[in-house]
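Examination of the molecular architecture
This is what each chain is made of:
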Amino acid sequence: MTSANVLRILGVAPCALDPAPPWTPCGTAHVARLAERHPCIRCGATATVAGVVEDSDFGRRWLDRCTACLVATTPRGPGPRPPVENLLAPAVRAAPGEIGEAVTVVHGGGGS
């Protein structure tokens, strides 16, 4: 996904983002940015991911997001995504055994 697409999804203008330093191979600038505890550009929670977007007019800009907003705004690839219950079902089935409890999982149907 291009920087322009990410910013469009987030509804953020590049001029609203802090300037980012030139690229470095070791990523120390990203670690330092996270240590400064900036707010997520989308929801305002403390950012857990410090990314950089490139803009032809404004150059490199920091894109600070929390984990939930990163997941919510990251494309998952081509094709339809599986329903959430399909992704969660194995973990839900395994959890009772891990804590030594017996449970019954009832599926509510999920219809609208």
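So, how was this worked out
- Residues numbered from 1 in each chain as written.
- Predicted model: local features only at pLDDT ≥ 70, side-chain atom pairs only at ≥ 80, totals over all residues.
- Heavy atoms only, no water.
- Helix = DSSP H or I, 4+ residues; strand = E, 2+ residues; numbered from the N terminus.
- Buried < 20%, exposed > 50% of the residue type's maximum accessible area, 1.4 Å probe, protein only.
- Contact = heavy atoms within 4.5 Å.
- Areas by Shrake-Rupley, 256 points an atom, 1.4 Å probe, with all protein chains shown as cover.
- Salt bridge = Lys/Arg side-chain N within 4 Å of Asp/Glu carboxyl O.
- Arc of directions from axis to C-beta.
- Core = buried A, V, L, I, M, F, W, Y, C linked by side-chain atoms within 4.5 Å.

1. Some words on the overall build of the chain
Across its full length, the chain holds four helices and two strands. Going from the N terminus to the C terminus, the chain shows its helices and strands as α-α-β-β-α-α. Out of the 112 residues in the chain, the part that is buried amounts to 25%. Of the contacts made within the chain by residues no fewer than 6 positions apart, 48% connect residues no fewer than 24 positions apart. As presented, the chain carries roughly 7,900 Å² of accessible surface, and 60% of it is formed by carbon and sulfur atoms.

2. Structural notes on the pattern of salt bridges
The tally for this structure, following the rule as stated, stands at three salt bridges. Between Arg33 and Asp18 there is a salt bridge; the shortest N-O distance is 2.9 Å. Taken together, the residues Arg33 in helix 2 (residues 28-35) and Asp18 in the loop between helix 1 (3-10) and helix 2 connect sequence positions 15 residues apart. Under the relative-accessibility criterion, Asp18 is labelled partly exposed at 35%. Measuring nitrogen to oxygen at the nearest pair gives 3.0 Å for the salt bridge that ties Glu54 to Arg60. The exposure class of Glu54 is partly exposed, given its relative accessible area of 47%. A single salt-bridge network, built from bridges that share partners, covers Asp18, Arg33 and Asp64.

3. Notes on helix 1
When helix 1 is considered as a whole, its buried residues turn out to be Ser3, Val6, Leu7 and Leu10. For helix 1, the buried positions fall inside an angular range of 95 degrees around the axis, keeping them on one side. Looking at the buried residues of helix 1, the elements they touch are strand 1 (49-55) and strand 2 (59-65). Backbone geometry just after helix 1 places Gly11 at a positive phi near 70 degrees.

4. With respect to the nonpolar core
Membership of the largest hydrophobic core is limited to seven residues, which are Val6, Leu7, Leu10, Val12, Leu17, Val53 and Leu63. Take this core: its biggest share by element is three residues, from helix 1.

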